[in-house]
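# Report on the structure
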Amino acid sequence: MQHEEPARRLAEIQHAISRAARTARRDPASVTLIAVSKTRTADEIRPLIDAGHRAFGENRVQEAEGKWPALRAAAPDIRLHLIGSLQSNKAADAVRLFDAIHSVDRPSLVDALGKAVADAGTAPELFVQVNVGEEPQKGGVAPRDLPSLLDRASDRGLTIGGLMCLPPADVEPAPYFALLAKLGHDAGLPRLSMGMSGDFETAVTIGATHVRIGTALFGERA
Ligand SMILES: *Cc1c(COP(=O)(O)O)cnc(C)c1O
């Protein structure tokens, strides 16, 4: 694929997000498009930075450590989001590298992040991932265990800004997005990280503040 292609698609996706937001009587500026750059090379990513895009998502700490220090040097206001599962022993690295972590999902990770944030003296924006479909193979806290995980985060000095989900594949996602929105509302958490290439417009109409888009921008992953 041509490396200029993602920059053109970016504009189209931003337009679709704005349309969906206005349909739901929401301010389009309240939705952040996270360009999911996992597996993509620096040459594929740079045209988006050149086009002014600043929010990127990676799913592995190590891959991001290899790629982003050099890319970031060109634009210090880039915000890097960790959207993949995080091992507790990488919590300190993640706190150092990322501006937001979307995958806080269990007590041991809350404890590790509490320590890492205290040591670093700064905190990324944190989202708790909820396993909205209660799928055994997926990360995320079960909806019924969310309140106690939020209490634990608060006890460890962590501020949680919102919730994140990955709904079950191949079924209508809207009910799962609505569940996440209700859980966020009940917990007083204003941010919702939900919606990917195939369903971001639905997610925006249901209240997504962050959509995570890879394939629709860059093409299929190898
Ligand atoms: C890869 C990934 C995405 C992007 O998925 P696409 O379908 O390529 O848009 C979004 N969220 C998470 C957690 C991911 O791992």
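Keep in mind that this is a model prediction, so the values were computed, not measured. (Residues numbered from 1 in each chain as written. Predicted model: local features only at pLDDT ≥ 70, side-chain atom pairs only at ≥ 80, totals over all residues. Heavy atoms only, no water.)

Before going further, it helps to spend a moment on the overall build of the protein chain. Tallying secondary structure elements over the protein chain gives 9 helices and 8 strands in all. For the protein chain, whose C-alpha radius of gyration is 17 Å, the value lies close to the compact-globule estimate of 17 Å for 222 residues. When the backbone C-alpha atoms are referred to their principal axes, the protein chain occupies close to 45 × 40 × 30 Å. Here the protein chain, with 222 residues, has 50% of them falling under the buried criterion. (Helix = DSSP H or I, 4+ residues; strand = E, 2+ residues; numbered from the N terminus. Rg over C-alpha atoms; globule rule 2.2 N^0.38 Å. Buried < 20%, exposed > 50% of the residue type's maximum accessible area, 1.4 Å probe, protein only.)

The next point concerns the side chain of Lys67. Relative to the assigned elements, Lys67 resides in helix α3 (residues 61-74). Here Glu63 takes part through its side chain, which lies 2.9 Å from a polar atom of the side chain of Lys67. Beyond its immediate sequence surroundings of up to four residues, Lys67 is in contact with Ser37, Lys38, Thr39, Arg40, Ile45 and Glu58. (Polar contact = N/O pair within 3.5 Å; in protein donor to acceptor, adjacent residues only side chain to side chain. Contact = heavy atoms within 4.5 Å.)

Relative to each other, helix α5 (residues 107-120) and helix α6 (residues 146-155) sit at 20°, their axes nearing to 9 Å. Considering the angle they form, α5 stands roughly parallel to α6. Between α5 and α6 the crossing geometry is right-handed. Contacts between α5 and α6 involve Pro107, Val110 and Asp111 on the former and, on the latter, Leu149, Arg152 and Ala153. Considering only residue class, the contact of α5 with α6 consists of 4 nonpolar, no polar and 2 charged. (Axes fitted to C-alpha atoms, helices over the stretch in contact; angles between N-to-C directions. Parallel < 35°, antiparallel > 145°, perpendicular 65-115°, else oblique. Left-handed = near helix turned anticlockwise from the far one by under 90°. Nonpolar A, V, L, I, M, F, W, Y, C, P; charged D, E, K, R; others polar.)

Okay, the pairing of strand β5 (residues 125-130) next. Along any regular strand, the residues point their side chains to alternate faces of the sheet. The buried fraction of β5 amounts to 6 of the 6 residues, a majority that puts the element mostly inside the structure. Burial along β5 is two-sided: Glu125, Phe127 and Gln129 facing one way and Leu126, Val128 and Val130 facing the other are all buried. In terms of strand pairing, strand β4 (residues 100-104) meets β5 through 3 bridges, oriented parallel. Across the sheet, residue Val104 finds its bridge partner in β5, namely Val128. In terms of handedness, the path from β4 via α5 over to β5 forms a crossover that is right-handed. Taken together, β5, α6 and strand β6 (residues 160-165) form a β-α-β motif whose crossover is right-handed. (Pairing = 2+ DSSP bridges. Right-handed = clockwise from strand over helix to strand, strands pointing away.)

Near the ligand you find Val36, Lys38, Ile83, Met164, Leu166, Met196, Ser197, Arg212, Ile213, Gly214, Thr215 and Arg221, and these make up its full shell. Within the side chain of Thr215, a nitrogen or oxygen atom sits 2.5 Å from an oxygen atom of the ligand. Considering the ligand on its own, with 390 Å² of exposed area, one finds that the protein chains cover 89% of that surface. A majority-of-atoms criterion places the ligand in the largest pocket. Split into classes, the residues belonging to the shell around the ligand amount to 6 nonpolar, 3 polar and 3 charged. (Near = heavy atom within 4 Å. Areas by Shrake-Rupley, 256 points an atom, 1.4 Å probe, with all protein chains shown as cover. 1 Å grid on protein atoms, 1.4 Å probe; cavity = no way out; pocket = protein on both sides within 12 Å on 5 of 7 lines; lining within 4 Å. Sits in = over half its atoms within 2 Å of the grid points.)

Moving on, we come to the pattern of salt bridges. With the rule as written, the count across this model stands at 19 salt bridges. Of the charged contacts in the structure, one is a salt bridge between Lys67 and Glu58, with a shortest N-O distance of 2.9 Å. Glu58 carries the same exposure label as Lys67, and that label is buried. We note a salt bridge from Arg191 to Glu125, for which the minimum N-O separation is 3.0 Å. In this pair, Arg191 is assigned in strand β7 (residues 191-193) and Glu125 in strand β5, connecting sequence segments 66 residues apart. For Arg191, a relative accessible area of 34% puts it in the partly exposed group. The structure contains a network of salt bridges with shared partners spanning Glu5, Arg8, Arg9 and Glu12. (Salt bridge = Lys/Arg side-chain N within 4 Å of Asp/Glu carboxyl O.)

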